Amino acid sequence: MKETGIKELRSYIEQAMRACGLTEENAGTVADVFIRATLRGVGHHDIYDFLPRVQWLREGKAVPNPVYRLQAAFGGVESYDAGNGLGELGCSFGMERAMQLAEEHGIGLCALRNTNHFLAAAPYVERAAEKGFIGLLLCKGGVSMGAPGRPGACMSALPMGFAYPTDGIYPVMLDACMAYASFGQLQMRAKKGEPVPEWWGLDKEGKPTADPMKLAQGTRFPIGGHKGFGLAMLGEVLTSVLSQGCILDEKETGDGLQNWSAHTAIAIKADALMDIGAFKKRAGTLSRRSEARAPGLHIPGMGSWKAREAFTGKGAFSLEDELCEKLDQIAGELNIPKLSK
């Protein structure tokens, strides 16, 4: 493992994105998303997923500086074509627009089609909570989740997240999906040699498996059985259907769009019905009363806050040698300074 300064990593991401054609503002937005995601300390859906972004941009698979085209609007609800830009840019735009709509209407919804992988929901909803909103972000993922007791994937796992401010030292925040495990979690378990519960899903032969990689290649089951499956269907309606994007496994829409990725950002103005101080106190009371009934309770967002405190305390991340070597290799190809000194 190598200690890499947080400021140095942020600068590296910004310079790499600039070298790939992004404007200074867009490069800074992408860097902020990756730093926020890495500060969670989960080890996946963070800086370890940065290199594919560079590859997409260099190969022309993603647009460096996308143009957002309004498709439809009604009151506080809007949908946009995100111009095939990086998901980090599309979802940042979507959440910002949802907050602007919420300022005017109390609640705002911004649906996006033609975007790309958003990394994780946490960075975007965290920003919303910092600005005094209840933030919710939904993602249409690939068709990778099955229905209870049935082999074969037939639904997106609905990666999603929410956050809201409290009078405590961190916002309540959840980043999850409707499957028992994300692909990132399965990859981590495989690397550590850790098995998974057999009831998490089936291998590609339709048999229960404790092997995380076989599960990744097979069918993941939804949390809570039919309940998780039903929520995933709602997520598909709020993302691909509302955004006029590709539905589930469609190859293209009626107007020829072939990018299946879609996201929806929702923001609620936390001080719409009471002043922000009262809202934060009541939201904090919810956590405290829960903890009082279950001492030692882990409140969503607590782990991310502790990890952030640890990283910012020492001002650095501990990154795997293999990742650092790849980042340095890309730096040479992009003609920017390497991370290693």
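Residues numbered from 1 in each chain as written. Predicted model: local features only at pLDDT ≥ 70, side-chain atom pairs only at ≥ 80, totals over all residues. Heavy atoms only, no water.

Colleague: Honestly, the sheet that holds strand β12 (residues 262-269) in this entry has me stumped. Any pointers?
Modeller: Strand pairs in the sheet, formed through backbone hydrogen bonds, run parallel or antiparallel to each other. What the 7 strands build is an open sheet, ordered β2-β3-β4-β12-β5-β8-β9; its pairing is mixed. Here the strands that pair on one side only, and so sit at the sheet edges, are β2 (69-74) and β9 (172-176). Strand-to-strand twist in this sheet, taken as the mean axis angle between neighbours without regard to direction, amounts to 10 degrees. Pairing analysis gives 5 bridges linking strand β8 (residues 160-164) to β9, with the strands arranged antiparallel. By the bridge assignment, Gly161 is partnered in β9 with Asp175. (Pairing = 2+ DSSP bridges. Helix = DSSP H or I, 4+ residues; strand = E, 2+ residues; numbered from the N terminus. Axes fitted to C-alpha atoms, helices over the stretch in contact; angles between N-to-C directions.)

Colleague: How do you make sense of the side chain of Ser304 when you look at a structure like this?
Modeller: Relative to the elements of secondary structure, Ser304 occurs in helix α10 (residues 302-314). The class for Ser304 is buried, based on a relative accessible area of 19%. If we skip the residues at most four places from it in the chain, Ser304 touches Leu39, Arg40 and Met173. (Buried < 20%, exposed > 50% of the residue type's maximum accessible area, 1.4 Å probe, protein only. Contact = heavy atoms within 4.5 Å.)

Colleague: Would you explain the pairing of β8 in this entry?
Modeller: On a regular strand, each side chain points to the face opposite its neighbour's, so the side chains alternate between the two faces of the sheet. With respect to burial, β8 is a largely interior element, 4 of its 5 residues being buried. Bridging between strand β5 (residues 133-140) and β8 involves 4 bridges; their strand directions are antiparallel. Considered in β8, the bridge of Leu136 is made with Phe162.

Colleague: In this structure, what is going on with helix α11 (residues 321-334)? I would like to understand it.
Modeller: Note on helix geometry: an α-helix contains 3.6 residues per turn, so any two residues three or four positions apart are oriented the same way. The first and last C-alpha atoms of α11 sit 20 Å apart over 14 residues, in line with the 20 Å expected at 1.5 Å per residue. For α11, the full list of buried residues reads Leu323, Cys324, Leu327, Asp328, Ile330, Ala331 and Leu334. For α11, the angular spread of buried residues about the axis comes to 160 degrees, placing them on one side. Looking at α11, the residues exposed on the side facing more than 90 degrees away from the buried face are Glu325 and Gln329. The inward-facing, buried residues of α11 contact β1 (2-5), α1 (6-19), α3 (50-58) and β13 (316-319). (Expected span 1.5 Å × (residues − 1). Arc of directions from axis to C-beta.)

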